[in-house]
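# Report on the structure
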Amino acid sequence: MPENTENFFENNLFRFENAHCDCATDTINVAPGVPPETTIKVQSIPGEKIQFAFSSGVGLVRLGDKGALVEKNLLGSLISIKPGDTKSLFEYFDHNGFLFNVSNACFF
């Protein structure tokens, strides 16, 4: 029987779903001459879920609605974001959600 490469669900070790995320930055100016304290906050957005799977040799991937592979190596993409690049980090979480469930009632 030929392998079905269109439906990635058949070729993975496990799969899960998660919500999209909203990200924000809080900046607190502590005192004159002292660098501000910056905190990144994440909150899930209820509604449409993102489908994920993990497969040996491919890694963590994002799947489309019908199980087709959309993006490979999500953990590699996350690790490659340069420290301090909050714009890229926020774009990653917008597309892929957070790595585990976070509250949709308040920022985490």
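As a reminder, the structure under discussion sits directly above these lines.
One structure accompanies this document, and this report is about it. (Residues numbered from 1 in each chain as written. Predicted model: local features only at pLDDT ≥ 70, side-chain atom pairs only at ≥ 80, totals over all residues. Heavy atoms only, no water.)

### Notes on a nonpolar patch on the surface
- Together, L75, I79, L99 and F100 give the surface a local cluster of nonpolar side chains, amounting to about 410 Å² of exposed area.
- Along the chain, the position of L75 falls in helix α1 (residues 74–79).
- Accessibility expressed as a relative area gives 37% for L75, which makes it partly exposed. (Patch = residues over 30% accessible without salt bridge, like charges linked within 9 Å, V, L, I, M, F, W, Y side chains within 5 Å. Areas by Shrake-Rupley, 256 points an atom, 1.4 Å probe, with all protein chains shown as cover. Salt bridge = Lys/Arg side-chain N within 4 Å of Asp/Glu carboxyl O. Helix = DSSP H or I, 4+ residues; strand = E, 2+ residues; numbered from the N terminus. Buried < 20%, exposed > 50% of the residue type's maximum accessible area, 1.4 Å probe, protein only.)

### Side note on a negative patch on the surface
- On the surface, D22, D85, E91 and D94 cluster together to form a negatively charged patch.
- Relative to the elements of secondary structure, E91 occurs in helix α2 (residues 86–96). (Lys, Arg positive; Asp, Glu negative; His and termini not counted. Charge placed at Lys NZ, Arg CZ, Asp CG, Glu CD.)

### A word on the nonpolar core
- In this structure, C21, V42, Y92, F93 and F98 are the most contacted members of the largest nonpolar core, which totals 15 residues.
- Among the secondary structure elements, those contributing two or more residues to this core are β1 (14–28), β2 (37–55), α1 and α2.
- Excluding anything up to four places from it in sequence, C21 contacts V42, Q43, S44, I45, F93, D94, G97, F98 and V102. (Core = buried A, V, L, I, M, F, W, Y, C linked by side-chain atoms within 4.5 Å. Contact = heavy atoms within 4.5 Å.)

### Here's the deal with the packing of aromatic side chains
- Per the counting criterion, the structure on display carries four aromatic pairs.
- Aromatic side chains F14 and F16 sit 6.3 Å apart centroid to centroid with 25 degrees between the ring planes, which places their arrangement in the stacked category.
- When the centroid spacing of 5.7 Å and the interplanar angle of 10 degrees are considered together, the rings of F14 and F54 count as stacked. Of the two residues, F14 is situated in strand β1 and F54 in strand β2; the sequence distance between them amounts to 40 residues.
- Using a relative accessible area of 27% as the deciding quantity, one classes F54 as partly exposed. (Phe/Tyr/Trp six-rings, centres within 6.5 Å; stacked < 30°, edge-to-face > 60°.)

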